[in-house]
Amino acid sequence: MLLPIIVLLLCLLGGGAVLFRLMKSKAKSNITTDLAMQTAQEFVQIQDIHGNFLHTQDGWLMSYLRIFPISLDLLSTSEKKMLISKLTAELSSFNYPFKFLAVSRPVDISPLISELSALLTTADPKQKELLRQEMLEMNTLTLSGEVVERQFYLILWQRQTDGTERDLLDKTKRLAQHFEDGQVQTQLLKQQDIVQLCNLVNNPSYTHLETTEPENVIPFLAKLEV
């Protein structure tokens, strides 16, 4: 009597394990299908980018402030301490939350290669060889994507209601002024800058477009007459 009971229990356990795996695979397949059906706008949770703001699909409003880096290696120990004290005093009076973001972007070194090419015409044979080697190295770095620069941003956000844009813009400008008073250069991002930042975050291989025309980076839907 004991052996049939053991066999029955093993069959039940095996069947349960198979059923569990099938249900798990089906659920995973449904999730994959749902993700495949999402548009890029739905995936990144962006509703609109307009002016100085990014509107999210869940009702939040965000503004962005770019912080330009400074070289601490050029400062003496006393100058570093003065800078730290100044920034600490400035930011201590800002009582709103913000997020720090650091991203890398590819650097366009084509002007440097063009400058090296121009030097070839007036260089002696030894200099030409050195310049060719330098250009070859620059081209290798460009193709490998290893030439990047770090960019730093601060993000402020607020739940979107009436008057939110003006309030959030005032907060962002106040934060920018605190950094400016601390001798750190800043830039309030506009529509095109925010689009470029979103591309940098969601597409690491994105090449930064040095352009003032939003049509180059923002797709527009043409209105068709019927």
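Residues numbered from 1 in each chain as written. Predicted model: local features only at pLDDT ≥ 70, side-chain atom pairs only at ≥ 80, totals over all residues. Heavy atoms only, no water.

Undergrad: Describe in detail the overall build of the protein, supporting the description with residues and values.
TA: In terms of regular secondary structure, the protein is built from seven helices and six strands. The order of α-helices and β-strands along the protein, N terminus first, is α-α-β-β-β-α-β-α-α-β-α-β-α. Scored against the burial criterion, the 226 residues of the protein give a buried share of 25%. Put simply, 68% of the contacts in the protein that link residues at least 6 apart link residues at least 24 apart. As presented, the protein carries roughly 16,400 Å² of accessible surface, and 60% of it is formed by carbon and sulfur atoms. (Helix = DSSP H or I, 4+ residues; strand = E, 2+ residues; numbered from the N terminus. Buried < 20%, exposed > 50% of the residue type's maximum accessible area, 1.4 Å probe, protein only. Contact = heavy atoms within 4.5 Å. Areas by Shrake-Rupley, 256 points an atom, 1.4 Å probe, with all protein chains shown as cover.)

Undergrad: Give a description of the pairing of strand β2 (residues 53-56) that names residues and reports values.
TA: Look at any regular strand and the pattern is simple: side chains alternate between the two faces of the sheet. Neither face of β2 is exposed, since F53 and H55 on one face and L54 and T56 on the opposite face are all buried. In terms of strand pairing, strand β1 (residues 46-50) meets β2 through four bridges, oriented antiparallel. The residue of β2 that forms the bridge with I49 is L54. Here β1 folds back onto β2 in antiparallel fashion, the turn holding two residues, of which G51 has a positive phi close to 65°. Two successive antiparallel strands, β2 and strand β3 (residues 60-67), enclose a turn made up of three residues, where G59 displays a positive phi of approximately 90°. (Pairing = 2+ DSSP bridges.)

Undergrad: Run through the environment of L130, naming residues and quoting values.
TA: Among the structural elements, L130 can be located in helix α5 (residues 125-144). Each C-alpha atom of the pair L130 and L120 lies 9.8 Å from the other, and the pair is ten residues apart in sequence.

Undergrad: Tell me what's going on with the pattern of salt bridges, and back it up with residues and numbers.
TA: Inspection of the entire model under this criterion finds two salt bridges. For the salt bridge of K171 with D167, the shortest nitrogen-to-oxygen distance reads 3.8 Å. Of this pair, K171 and D167 both sit in helix α6 (residues 164-181), four residues apart, which is roughly one turn of that helix. Classification of D167 by relative accessible area gives partly exposed; the value is 31%. (Salt bridge = Lys/Arg side-chain N within 4 Å of Asp/Glu carboxyl O.)

Undergrad: How would you sum up the side chain of T186? Please name residues and give values.
TA: Mapped onto the elements of the fold, T186 is located in strand β6 (residues 186-188). A relative accessible area of 13% means that T186 is categorised as buried. Looking at T186, its side chain comes within polar contact range of the side chain of E180, at 3.0 Å. In this structure, T186 is in contact with L65, R66, I67, F68, A176, F179 and E180, ignoring residues within four places of it in sequence. (Polar contact = N/O pair within 3.5 Å; in protein donor to acceptor, adjacent residues only side chain to side chain.)

Undergrad: For the packing of helix α3 (residues 77-91) against α6, give the residues involved together with the corresponding values.
TA: Two elements in contact, α3 and α6, have axes separated by 9 Å at closest approach and are oriented at 160°. One finds that α3 runs roughly antiparallel with respect to α6. You can see that α3 and α6 cross each other, and the crossing is right-handed. Two secondary-structure elements touch here, α3 through K86, L87, E90 and L91 and α6 through L175, H178, F179 and D181. In the contact of α3 with α6, the residues fall into four nonpolar, one polar and three charged. (Axes fitted to C-alpha atoms, helices over the stretch in contact; angles between N-to-C directions. Parallel < 35°, antiparallel > 145°, perpendicular 65-115°, else oblique. Left-handed = near helix turned anticlockwise from the far one by under 90°. Nonpolar A, V, L, I, M, F, W, Y, C, P; charged D, E, K, R; others polar.)

Undergrad: Kindly report on unusual backbone geometry, identifying the contributing residues and their values.
TA: Of note, Q183 is a non-glycine position whose phi angle comes to about 65°, a positive value. Mapped onto the elements, Q183 comes out in the loop between α6 and β6. A relative accessible area of 68% means that Q183 is categorised as exposed.

Everything listed here is a matter of coordinates, which is why it stays silent on function.
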